[in-house]
Amino acid sequence: MTPFDRTRFSEVERVIKAPAPRWDKKIAADLVTEMEAFFGKVDTIPQMKQALAIAGYQGLQRQIEKAVKGKTCLDAIRAMAHAMRSFSLGSPGLAIASFRDPDVDNPEYQKAAGQLALVVLRVFGEAGISGEAARHAVRILKSLVRGFVINEMSAPVARPIEYQKSYVFAVEMFVRGLSELRDAKEAERVSPV
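Criteria and cut-off values
All residue numbers refer to position in the chain's written sequence, counted from 1. Two thresholds apply to this predicted model, a pLDDT of at least 70 for residue-level local features and 80 or more for giving and counting side-chain atom pairs, whereas whole-chain, interface and lining totals are computed over all residues. Each side-chain value is derived from all of the structure's non-hydrogen atoms; neither hydrogens nor water enter the calculation. A run of H or I in DSSP counts as a helix once it spans at least four residues, and a run of E counts as a strand once it spans at least two, with each numbered from the N terminus. For every residue, the accessible area (1.4 Å probe, protein chains only) is compared with the maximum for its type, and the residue is labelled buried under 20%, exposed over 50%, or partly exposed between those bounds. Any two residues having at least one pair of non-hydrogen atoms within 4.5 Å are treated as being in contact. Shrake-Rupley sampling with a 1.4 Å probe provides the accessible areas, and residues are treated as covered by the protein chains on show and by no other component. Paired rings are identified among Phe, Tyr and Trp, the last through its six-membered ring, by centres lying within 6.5 Å, and are further divided according to the angle between planes into stacked (under 30 degrees), edge-to-face (over 60) and tilted (the rest). Both a distance and an angle decide whether a charge sits over a ring: NZ of Lys or CZ of Arg must be within 6 Å of the ring centre and within 35 degrees of the ring normal. Residue types Ala, Val, Leu, Ile, Met, Phe, Trp, Tyr and Cys, when buried and joined through side-chain atoms within 4.5 Å, form a set referred to as a nonpolar core.

Undergrad: Please explain the overall build of the protein chain as it appears in this structure.
TA: Counting its regular elements, the protein chain contains eight helices and zero strands. Going from the N terminus to the C terminus, the protein chain shows its helices and strands as α-α-α-α-α-α-α-α. For the protein chain, buried positions account for 34% of its 193 residues. Long-range pairs, those at least 24 residues apart, make up 67% of the contacts in the protein chain with a sequence separation of at least 6. Within the structure as shown, the protein chain displays about 12,200 Å² of accessible surface, and the carbon and sulfur contribution to it stands at 59%.

What follows is the structure, encoded as structure tokens:
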């Protein structure tokens, strides 16, 4: 990240000091106040995105760990999928920040992302999904969660019970489909080259 030039206003300060008294100005000011309580001075939009992503990764990791505690194999994957959706709906800003995978040379960011990845891969690993199959499973699950959350949040009339029921079906379809990834992995292992 390029060093911040303190002789100019930061990008964040520019948004906050904008002349129009709009709702986005208030949200930005509130957000910066909250973030600075945890992360110190936040001068640029990239710093803000990194701080939000770190908080998102850490919050999602805690929620997944809590949801999978005492569960094994496919039940743990189901619990993880529901925890991911719950986190995304409960903390949409943090979820959006953590959905992105920016190229960040920030040790704290890399540590938070790595710890979350280890938890998710461990859950899949306990169900026999590892290596390339696990990477596909993670990508599919992230897409499933994002798709539902985006549709649910942008629906003109919120029907949470209907979305919940559809999501339960989708998670079950995903979990049952994991056998395809296991079978593909096994077929690659035993097939002659």
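Undergrad: Help me understand the packing of aromatic side chains, please; the structure alone is not making it clear to me.
TA: A ring pair, where both rings are aromatic, is described by two values, the distance of the centres and the angle of the planes. A full pass over the atoms with the stated rule returns three aromatic pairs. Summarising the aromatic geometry, the rings of F124 and F174 are spaced 6.3 Å apart at their centres and angled 80° between planes, so their arrangement reads as edge-to-face. Of this pair, F124 sits in helix 6 (residues 107–126) while F174 is found in helix 8 (residues 160–190), placing the two residues 50 residues apart along the sequence. Residue classification places F174 among the buried residues on the basis of a relative accessible area of 9%. Against the face of Y167 rests R85, its NZ or CZ located 5.0 Å from the ring centre.

Undergrad: Please clarify how the nonpolar core should be interpreted in this entry.
TA: Considering soluble globular proteins, one finds that nonpolar side chains tend to be buried as a cluster. In terms of nonpolar packing, the biggest core is built from 45 residues, with I64, M80, F124, L141 and F174 touching the most fellow members. A total of nine residues in this core trace back to one element, the largest contributor, which is helix 3 (residues 45–68). Not counting the four nearest positions on each side in its chain, F174 is found in contact with I77, F124, A137, I140, L141 and L144.

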